[in-house]
Every structure is written in structure tokens, then in C-alpha cells.
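Observations on the model geometry
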Amino acid sequence: MTPEGTTLVPVLGDQLSLGLSSLAGADPATTVVLMMEVSDETAYVRHHKTKLVYILSAMRHHAQALREAGWRVDYVALDDPENSGSFTGEIARAIQRHDPARIAVTEAGEWRVTAMLDSWETLFGIPVKILPDTRFLATHAEFEAWAEGRKALRMEFFYREMRRKTGLLMNGDKPAGGEWNYDTQNRKPAKGDLLMPRPHAFAPDAITRAVIALVAARFADHPGSLDGFTFAVTAADAERQADLFFAHALADFGPYEDAMLSGERYLWHSILSPYINSGLLDPLDLCRRAEAAYRAGRAPLNSVEGYIRQIIGWREYMRGIYWREGPDYVTRNFLDHHRALPGFYWTGETDMHCMAEALGQTLATAHAHHIQRLMVTGNFALLIGADPAQVHAWYLEVYLDAYEWVELPNTLGMSQFGDGGLIASKPYIASGAYIDRMSDYCGRCRYDVKQRIGPDACPFNALYWDFLARHEDTLGDNMRLAMPYRNWRRTDPANQQALRAQAAGFLDTLD
Ligand code: FAD
Ligand code: DLZ
Ligand code: SF4
């Protein structure tokens, strides 16, 4: 039976899915879908200009798609003179316009917005139904049940549960090929290849061009460039990018997942996270397509398993951690790091070639791939002792796929060890040797990756040893750091001192 009166269904900027739980089962005849561009959301961090264009344009295109699907959509644009600037203010105005009997909304993707949704029933005196976000595999209760009573919450074991739950890459109750994880066959450096897949470049249509003009005028002081916006902003174009990934990149995804090359922004990555996270693509559907490629012999198991693990393993696990750890997760600072991020994170101007590459492409396109985020910019921030809350704000600002539920545990937890080892069993730190092994960056750098001391020494080297020395009291017993600590303790005191002085000299230049 259809309930009496109008139902107001707010659809947030990362809920751009036609099958959203708040719409499933709703009656288009008595439903008003409310979409709101609001300054609170555009300003809670200084989002990269490209990220703003992407979100606002994708929202406007989604409103069209909803209308074409038969929904009545009330769309509040950012430059509407009556715009109150907040979700709650816009709900108040929409209640005036539509006099709804109730509100139905899919749960928000972060604590900040959850608090708003939770306040509406009392504030407006009408029933508010908050529905689970069924675009994720694991419910909050399932993650809780998995985590309950475990000493360590390692992703690998959660991932196996998700494999069993979905049946992905399972032969009965056994993992396809006999192993759960094929990363021993991955992690290879790559060589430049003219035939390397390149993501589609989608020409901006009139809607996107209008948003580009809006963002250029209103957010000129936000970081990043707006030149050459070529991301998909519709589900159909996002599907085209997915088709391209499955046809040309998936087969080599595994081996080159951790590789980095100068001037190559995408390698064999899918470049689909922005679309998955805002709702244009369905993550489980992508995993099923990857499995089909393996079963049909079009892609090897190590690549397909690696890809599926990133989505049903890492992505779901990060979300579980975010909600389980609560709103104060963001304040954790296990290593007591307080240094400000250097200004070159916002300009890309540094003579460290690896950093210039990762930062340059981030500022140009709002994208960098995982190893650039983890082992270049994240590693550097950790080695210099940057404040994890500030590092978190930077990642949330600059990446097209960044929403707090996924960005925060990746940055503060995995990358900055701010949670003291909840996510990572050791800090993700590395000297220049790792970057040299996985990239062609060092050959093009003004620093010498083999040197540890002196004006030409790669800064990552002394910073690495200095980090270990600084944190010996807290990390010295970590079994996974046993080897580097053994090496450090074997280093003669004069050398130790020289390395620490080298690091101090470099850190001074940052201040
Ligand atoms: P691919 O390399 O093709 O991977 C396939 C898919 O797996 C991705 O599309 C993504 O949905 C998923 N995935 C892979 N790794 C992760 C991960 N660690 N956590 C969650 N999902 C993952 N990812 C985000 O979606 N949003 C973020 O804000 C974000 N911030 C990050 C911050 C740091 C410090 C680090 C180290 C990683 C972060 N990641 C984030 C994870 C990862 O870098 C991106 O998901 C990936 O680079 C997206 O590009 P892609 O679609 O080409 O991914
Ligand atoms: C990130 C973002 C931005 C920049 N702008 C909007 C907006 O104007 N309207 C909107 O509905 N959503 C926006 N978003 C995404 C929201 O911040 C996102 O839905 C929340 O982070 C989820 O909790
Ligand atoms: Fe980066 Fe050091 Fe290599 Fe230069 S030498 S690219 S700073 S790791």
C-alpha cells in the first residue's frame, strides 16, 4: 500500500545511483527527489577545482537521468539566490515547498553528514527514515560481527569472508586456483610502452562547461587546475571507461599495480574509483565482469584476483573501519606528529622528481594511483612527521574519489600509522631504494638515490633512518621492522649521527 502524502527523498552528491535504497520501492507519483548543491559541502575542505566540477556536473546529469526514469526532481543549484548553503537549510526550504509527510534518505557517507540527517526528525517534526546504503557488500552489523573479539583486524581475513559471501572467484568453498591471494606474482616494475592503455577523454558537454565556468569564478582560490577536464560525468560514460579497462588493462593490472613511470599517470589502473564512489558504477557488477574475464580466459587470475581484492577487500574493509572507529578516529596521532605539510603539496614545485610527478599529476587531474599516494606523497609526509590530520585534509581535498569514509582510513590509518597499527601492521615507510625499484623516477632526479649523506643525497634515505631512530621507543619492538632496526643498531654511531644531521638539515629547509 502506498503511504499517504508526499515523501521527500534527498539524494546526496555521492548517491548518484538509480537503484539507491531510498528510491527502491518508492512511488514516483508521490515522491519528490531533492538534490542540493550547497556551499557547506563545497567548502568543508578546499576541494580541488576538478573535484568540484566532477561532483556538481555528475549531480546535474544524474538529475536528468532521474527525470528520464520518471522521478520528479527538485534541484537546487549553487547559484540559486535563495540557496541557504546547507543540507539542513535546504530540507527546511523543501518542506515549505512540498509539505512532505515524511523524509526517506539513504545513510550518509560520513559522520559529519550523518549528524545532520539524525537531527532532521526532531528539527522538522516529521518522520525521517534513514535507509542502509545497499551499494556496499558488508552491512555495519556484518563488519561488527567479523571484527568482534579479534585481536587484529587484518584486511586479508575480512576479504576471504567477502569472497565467500559473494561467491566471487570461488570454486565451491575453495578459492579459484587454490590460493586466496596472488600478489607474489604481482608488484613488478613497468617499462614505458606505447601501447599502454589510456583512459577515455570525455569532451565536456554544455552542462559541464557551465559548471566549469561556475567553479572557475567561485572557487578560484581552491587548489588544482581546471584545464582539460575529461572525466565521465554520466553513468553511460563511466561504463565506457569500465569497458576500456576490461578490454585493455585488466590483464596487466596485477603485475604493474605498484609500478610508477614518469609522465604516465594511469598505467594499467582502472580509473574508476570516482565513479564507483559517487554511485555511477556498481562495484559488485565490476567484480563480476572481472571474474567473467578470468573464466573466459581473457585475463589471468593474478590480475583478476588483485582487482577484486581491492574492491571487495580493501574498499569494504576501509568503510568498515571508518564506521567502527567512530567520529574521533580523525584525531588519532599515534606517532605524535605535528609538522605542517610543506607548501609544495599545493604547488608541485620540488626538485624531488618522484614528488614532483605525484604532486604534479594530482594538481593537474585530481588523480594519482595507489602507490604514488602511499609510497611517494604519503611516505614522504610520514617520514617528515607531518600532522596526520593535515595530511588527511590534503588527501580529502585533492582527489576526485575522496570521501571521508574511504579517504580517512587510507590516509590516517594505512598511510600515516595514526591509529597505531589498527590497519597496517607496520608503518608504510621506505627509503629511495623502494621508489627506485618500482619506478623510473630516480634516473631523472637531481638527487642521487644511492647516496645517503651530502648535498646530492636522496632526501628519502636519511629521512628513513631518522624516522626509525626518532620512533625507536614506540616501534623498536615491531617484528615487521626487526630487519631495519637491526641494521640501524649495527650502524656505527658516527654514521648514525651523520644521517640524523642530514635529515635535520633537510627538515630545516622545509620549515
Ligand atoms: P585501481 O588501482 O584500478 O583499483 C581498483 C579499485 O579498487 C579502485 O577503483 C577502488 O575502488 C578500489 N581500491 C583500491 N585500493 C583501495 C583502497 N586502499 N581503499 C579503497 N578502495 C580501494 N581510494 C578512494 O576511492 N578514495 C580515496 O579518497 C582514497 N584515498 C587514498 C589515500 C591514500 C593515502 C591511499 C594510500 C590510498 C587511497 N585510496 C583512495 C585508494 C586508492 O589509491 C584508490 O582507490 C585508487 O588509486 C583509485 O584509482 P583506480 O580506480 O584506478 O584504482
Ligand atoms: C563533496 C560534495 C560537494 C563538493 N558538493 C556537494 C553538494 O553541493 N551537494 C551534495 O549533495 N553533495 C556534495 N558533495 C558530496 C557530499 O559531501 C557527500 O554526499 C557527503 O560527503 C556524504 O556524506
Ligand atoms: Fe625521489 Fe630520491 Fe628517487 Fe629523487 S632520488 S626520485 S627524491 S626517491
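The shown structure was predicted, so the numbers you read here are calculated from the model rather than taken from an experiment.

The immediate surroundings of ligand 1 are formed by 29 residues, with His269, Ser270, Ile271, Asn277 and Asn410 found nearest. Between an oxygen atom of ligand 1 and a main-chain N or O atom of Leu272, the distance comes to 3.0 Å. Take Asn277: an N or O atom from its side chain is 2.8 Å from an oxygen atom of ligand 1. Taken by itself ligand 1 offers 810 Å² of open surface, and the protein chains cover 99% of this. Of all elements in the fold, only α9 (273-278), α11 (301-325), α14 (370-384) and α16 (404-415) reach the threshold of two or more residues within the shell around ligand 1. Along the lines of polarity and charge, the residues of the shell around ligand 1 split into 14 nonpolar, 11 polar and four charged. Counting contributing residues, the shell around ligand 1 receives three or more from each of domain 2 (140-197 + 249-325) and domain 3 (343-510).

Further remarks concern the domain arrangement of the protein. Splitting the protein by domain gives domain 1 (7-131), domain 2 (140-197 + 249-325) and domain 3 (343-510). The distance between the C-alpha centroids of domain 1 and domain 3 comes to 39 Å. Facing 13 residues of domain 1, the contacting portion of domain 3 comprises 15 residues. Its largest share of buried area at the contact with domain 3, domain 1 owes to Val45, His48 and Lys51, together 42% of the area lost on that side. At the boundary of domain 1 and domain 3, one finds zero salt bridges. Taken together, the connections running from domain 1 to domain 3 amount to five residue pairs in polar contact (both at pLDDT 80 or more). Looking at the side of domain 1 that touches domain 3 residue by residue, the class counts come to five nonpolar, four polar and four charged.

Counting residues in each nonpolar core, the largest one holds 152 residues, and the members touching the most others are Met35, Leu250, Tyr307, Tyr317, Met355 and Phe380. Among the elements that make up this core, the one with the highest residue count is α11 (11 residues). If we ignore the near neighbours within four places in the chain, the residues touching Met355 are Phe344, Tyr345, Thr350, Gly360, Val376, Thr377, Phe380 and Phe460. Listed in part, the 20 residues of the second largest apolar core include Leu12, Ile91, Ile95 and Met116.

Applying the stated criterion to the full structure yields 32 salt bridges. For the salt bridge of Glu142 with Lys165, the shortest nitrogen-to-oxygen distance reads 2.8 Å. You can see Glu142 sitting in helix α5 (residues 140-147) and its partner Lys165 sitting in helix α6 (residues 155-166), a full 23 residues away along the chain. For Glu142, a relative accessible area of 33% gives the class partly exposed. Salt-bridge contacts for Glu472 lead to Arg489; the nearest nitrogen and oxygen are separated by 2.8 Å.

What counts, and at which threshold
Residues numbered from 1 in each chain as written. Chains lettered and ligands numbered in written order. Predicted model: local features only at pLDDT ≥ 70, side-chain atom pairs only at ≥ 80, totals over all residues. Heavy atoms only, no water. Near = heavy atom within 4 Å. Polar contact = N/O pair within 3.5 Å; in protein donor to acceptor, adjacent residues only side chain to side chain. Areas by Shrake-Rupley, 256 points an atom, 1.4 Å probe, with all protein chains shown as cover. Helix = DSSP H or I, 4+ residues; strand = E, 2+ residues; numbered from the N terminus. Nonpolar A, V, L, I, M, F, W, Y, C, P; charged D, E, K, R; others polar. Domains from an automatic or database assignment. Contact = heavy atoms within 4.5 Å. Buried area = accessible area lost by both parts, 1.4 Å probe. Salt bridge = Lys/Arg side-chain N within 4 Å of Asp/Glu carboxyl O. Core = buried A, V, L, I, M, F, W, Y, C linked by side-chain atoms within 4.5 Å. Buried < 20%, exposed > 50% of the residue type's maximum accessible area, 1.4 Å probe, protein only.

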